[in-house]
Amino acid sequence: MTQVKPGDTVRIHYTGTLSDGTTFDSSAGRDPLEFTVGSGQIIPGLDKALPGMTAGEKKTVEIPCAEAYGDRHENAIQAVPRDQIPADLPLDPGTQLQMQTPSGQIMPVTVAAVTETEVTLDANHPLAGKALTFAFELVEIV
């Protein structure tokens, strides 16, 4: 049987869980995820688990945060004066927003806290600092 190698386009079904067993993402009920192995389209720890697999093979891998979304960075958390945020934006903690950097780049942020005078925004990926487990099946090598 053909084995996966870097550069191959593959399709997988997967379920991603946290260390407490909470599912954070799954392809269940959707089409398999398609990507090119070794291209940087998925997190490194999952990408590295694919070479050598054959269609139909199943695997579970535990991925440390360094091989997933990296460590959390405190400098990615910033307090912004509340009057600098449009009044019509929802500011409930956990709300996902987008902000524009001085260079014009769009950056996703999460509302971390809100007071009368400021809003604390967190630009860390929601899964940063967390070890992840992926149970997946290689559906096919395209």
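Everything below is about the structure printed above this text.
Residues numbered from 1 in each chain as written. Predicted model: local features only at pLDDT ≥ 70, side-chain atom pairs only at ≥ 80, totals over all residues. Heavy atoms only, no water.

J.: Is there a simple way to think about the overall build of the protein in this case?
T.: Looking only at helices and strands, the protein features one helix and nine strands. Here the C-alpha atoms of the protein give a radius of gyration of 19 Å, more than 25% beyond the 14 Å that 2.2 N^0.38 yields for 142 residues. Structurally, the protein occupies a C-alpha span of about 60 × 35 × 30 Å along its principal axes. Counting across all 142 residues of the protein, residues that qualify as buried make up 32%. Across the protein, the fraction of contacts at a sequence separation of at least 24, relative to all contacts at a separation of at least 6, is 63%. Approximately 8,600 Å² of the protein is accessible, and the part contributed by carbon and sulfur atoms is 50%. Of the charged side chains in the protein, 9 are positive and 19 negative, and the gap between their average positions amounts to 7 Å. (Helix = DSSP H or I, 4+ residues; strand = E, 2+ residues; numbered from the N terminus. Rg over C-alpha atoms; globule rule 2.2 N^0.38 Å. Buried < 20%, exposed > 50% of the residue type's maximum accessible area, 1.4 Å probe, protein only. Contact = heavy atoms within 4.5 Å. Areas by Shrake-Rupley, 256 points an atom, 1.4 Å probe, with all protein chains shown as cover. Lys, Arg positive; Asp, Glu negative; His and termini not counted. Charge placed at Lys NZ, Arg CZ, Asp CG, Glu CD.)

J.: Could you clarify how one ought to interpret the nonpolar core in this entry?
T.: A general trend in soluble globular proteins is that nonpolar side chains are found buried together. In this structure, Ile12, Leu46, Leu50, Phe134 and Phe136 are the most contacted members of the largest nonpolar core, which totals 21 residues. The set of elements that each furnish at least two residues to this core consists of strand E1 (9-17), strand E4 (58-63) and strand E9 (132-141). Residue contributions to this core peak at four residues, all from E9. Non-local contacts of Leu50, meaning those with residues more than four positions away in its chain, are made with Val4, Ile12, Phe35, Val37, Ile42, Phe136 and Leu138. (Core = buried A, V, L, I, M, F, W, Y, C linked by side-chain atoms within 4.5 Å.)

J.: What is the right way to look at the side chain of Asp8 in this model?
T.: Here Asp8 is to be found in the segment before E1. With relative accessibility at 11%, the residue Asp8 sits in the buried group. A polar side-chain atom of Asp8 sits 2.9 Å from the main-chain amide nitrogen of Lys5. Setting aside chain neighbours within four positions, we find Asp8 in contact with Gln3, Phe35, Thr36, Val37 and Ile141. (Polar contact = N/O pair within 3.5 Å; in protein donor to acceptor, adjacent residues only side chain to side chain.)

J.: Mind showing me how you'd approach the sheet that holds strand E8 (residues 118-122) here?
T.: Strands in a sheet are paired, the pairing made by backbone hydrogen bonds, and the direction either parallel or antiparallel. Strands sit in the order E5-E8-E7-E6 across an open sheet of four strands; the sheet is antiparallel. Two strands lie at the open edges of the sheet, namely strand E5 (77-81) and strand E6 (96-100), each paired on one side alone. Averaged over all adjacent pairs, the angle separating strand axes in this sheet is 45°, with direction ignored. Sheet analysis places E6 next to strand E7 (residues 106-114), joined by five bridges and oriented antiparallel. Counted as the bridge partner of Gln96 is Thr110 from E7. (Pairing = 2+ DSSP bridges. Axes fitted to C-alpha atoms, helices over the stretch in contact; angles between N-to-C directions.)

J.: For this particular structure, what's the right way to read the pairing of E8?
T.: When a strand is regular, its side chains alternate between the sheet's two faces. Most of E8 is tucked away: four of the five residues are buried. As paired elements, E5 and E8 share five bridges and run antiparallel to each other. Bridge assignment links Gln78 to a residue of E8, and that residue is Leu121. For E7 and E8, the ladder comprises four bridges, and the chain directions are antiparallel. Of the residues in E8, the one forming a bridge with Thr110 is Asp122. A loop of three residues connects E7 with E8, the two strands running antiparallel in sequence.

Scope: geometric values only; no functional claims are made or implied.
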